[in-house]
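Chain residues, written in single-letter form:
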Amino acid sequence: MRDFEASVAAFFRAVSFEAGGRPDYEAIRGLFVPQGLLIRALETPPEITDVDGFIAPRLEQLRSGALTEFAESEISGETRVFGNVAQRWSHYDKRGVLDGNTFAARGWISTQFARTPRGWLITAMAWDDER
């Protein structure tokens, strides 16, 4: 697979869900290398997790009823490829309901890919919201 835009879109679909629905967090695993990192850089120091560490707190928010809906999508993006590595910069939009409060934000996410025996997989994602 070499459609980097499709990989980012698949990630956003996996974390998104409407009220009464459920996200498909397990789909994230197929997009990443086993050692893949997710870096939430909204604060200093950034929150750095592996895929399991990313899924666990979000799944708990869902199970507890704290997170009742979430949607994230790419507004625009650009990919650069060199040999066996690629990077996609995506401008994103997200919104949801957490603890009964609606929230919305836009930001930028940098997604790094490497060509593997399974094809192009995500090695890391790092993001920050606009202020």
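Residues numbered from 1 in each chain as written. Predicted model: local features only at pLDDT ≥ 70, side-chain atom pairs only at ≥ 80, totals over all residues. Heavy atoms only, no water.

Side note on the overall build of the protein
To keep things clear, this is the line we draw: Strands here mean DSSP runs of E at least two residues long; helices mean DSSP runs of H or I at least four residues long; both are numbered from the N terminus. To get the radius of gyration, use the C-alpha atoms; to get the globule rule, take the number of residues to the power 0.38 and multiply by 2.2 Å. Every residue pair with non-hydrogen atoms within 4.5 Å of one another is taken to be in contact. The protein chains shown are the only cover counted for residues, whose accessible areas, like all others here, come from Shrake-Rupley with a 1.4 Å probe. When charges are counted, neither His nor the chain ends are considered; positive counts come from Lys and Arg and negative counts from Asp and Glu. The atom standing in for a charge is NZ when the residue is Lys, CZ when it is Arg, CG when it is Asp and CD when it is Glu.
What the protein contains, in helices and strands, is three helices and six strands. Taking 131 residues into account, the globule formula puts the C-alpha radius of gyration at 14 Å, and the protein, at 15 Å, falls close to it. By sequence separation, contacts in the protein at least 24 residues apart represent 50% of the contacts at least 6 residues apart. Taken as a whole, the protein presents about 7,400 Å² of accessible surface, with 53% of it coming from carbon and sulfur. Charged side chains of the protein number 15 positive and 19 negative; the gap between the two group centres comes to 5 Å.

Looking at the sheet that holds strand β4 (residues 85–98)
To summarise the sheet geometry, strands pair through backbone hydrogen bonds and adopt either a parallel or an antiparallel arrangement. Definition in use: Only strands that DSSP links by at least two bridges are regarded as paired with each other. Fitted lines through C-alpha atoms serve as axes, helices being fitted only where they are in contact, and the angles separating the N-to-C directions of these axes extend from 0 to 180 degrees.
Here six strands make up an open sheet; going across it, the order is β2-β1-β6-β5-β4-β3 and the pairing mixed. The sheet is open, and its two edges are formed by β2 (47–50) and β3 (67–82), each paired on a single side. Going across the sheet, the axis of each strand differs from the next one's by a mean of 20°, ignoring polarity. Alignment of strand β1 (residues 32–40) against β2, held across four bridges, turns out to be antiparallel. Counterpart to R40 in the pairing with β2 is E47. Set on the sheet, helix α3 (residues 51–64) makes contact with β1, β2, β3, β4 and β6 (119–129); between it and β2 the angle comes to about 100°.

A word on the environment of T123
What counts is decided by this rule: Partly exposed residues are those whose accessible area sits between 20% and 50% of the maximum for their type, while under 20% is buried and over 50% is exposed, using a 1.4 Å probe and protein chains only.
Structurally, the position occupied by T123 is in strand β6. Under the relative-accessibility criterion, T123 is labelled partly exposed at 26%. Considered as a pair, T123 and T111 are 12 residues apart in the sequence and their alpha carbons are 7.7 Å apart. In contact with T123, not counting residues within four places along its chain, are V33, G36, L37, Q112, F113 and A114.

Some remarks on the nonpolar core
Put simply, the rule is: By convention a nonpolar core is built from buried Ala, Val, Leu, Ile, Met, Phe, Trp, Tyr and Cys residues, the set being connected through side-chain atoms within 4.5 Å.
Membership of the largest hydrophobic core comes to 29 residues, with the highest contact counts inside it found for F11, I28, F32, L38, F54, M125 and W127. Listing elements by their share of this core, those giving two or more residues are α1 (4–15), β1, α3, β3, β4, β5 (101–116) and β6. It is α1 that provides the largest number of residues to this core, a total of seven residues. Apart from residues lying up to four places away in sequence, M125 is in contact with F11, F32, L37, L38, I39, I109, S110, T111 and Q112.

Digging into the environment of Q112
Along the chain, Q112 falls in strand β5. The class of Q112 is partly exposed, set by a relative accessible area of 22%. Placed 33 residues apart in sequence, Q112 and T79 show a C-alpha to C-alpha distance of 9.6 Å. Apart from residues lying up to four places away in sequence, Q112 is in contact with A86, Q87, L121, I122, T123, A124 and M125.

What about the packing of aromatic side chains?
To describe a pair of aromatic rings, you give the distance between the ring centres and the angle between the ring planes. Applicable threshold: Pairing of aromatic rings covers Phe, Tyr and Trp, the last counted by its six-membered ring, and requires centre-to-centre distances within 6.5 Å; plane angles under 30 degrees mean stacked, over 60 mean edge-to-face, and any other angle means tilted.
Evaluated as defined, the whole model comprises seven aromatic pairs. Ring geometry for F11 against F54: centres 5.8 Å apart, planes inclined by 40°, an arrangement best described as tilted. Placement of the pair is F11 in helix α1 and F54 in helix α3, with a sequence separation of 43 residues. We note that F11, like F54, is buried. Between F54 and W127 the ring centres are 6.1 Å apart and the planes differ by 90°, which places this aromatic pair in the edge-to-face class. On the criterion of sequence distance, the pair formed by F54 in helix α3 and W127 in strand β6 is long-range, its members being 73 residues apart. Take F54 and W127: they sit in the same class, and that class is buried.

Without other data, these values stay purely geometric and don't point to any function.
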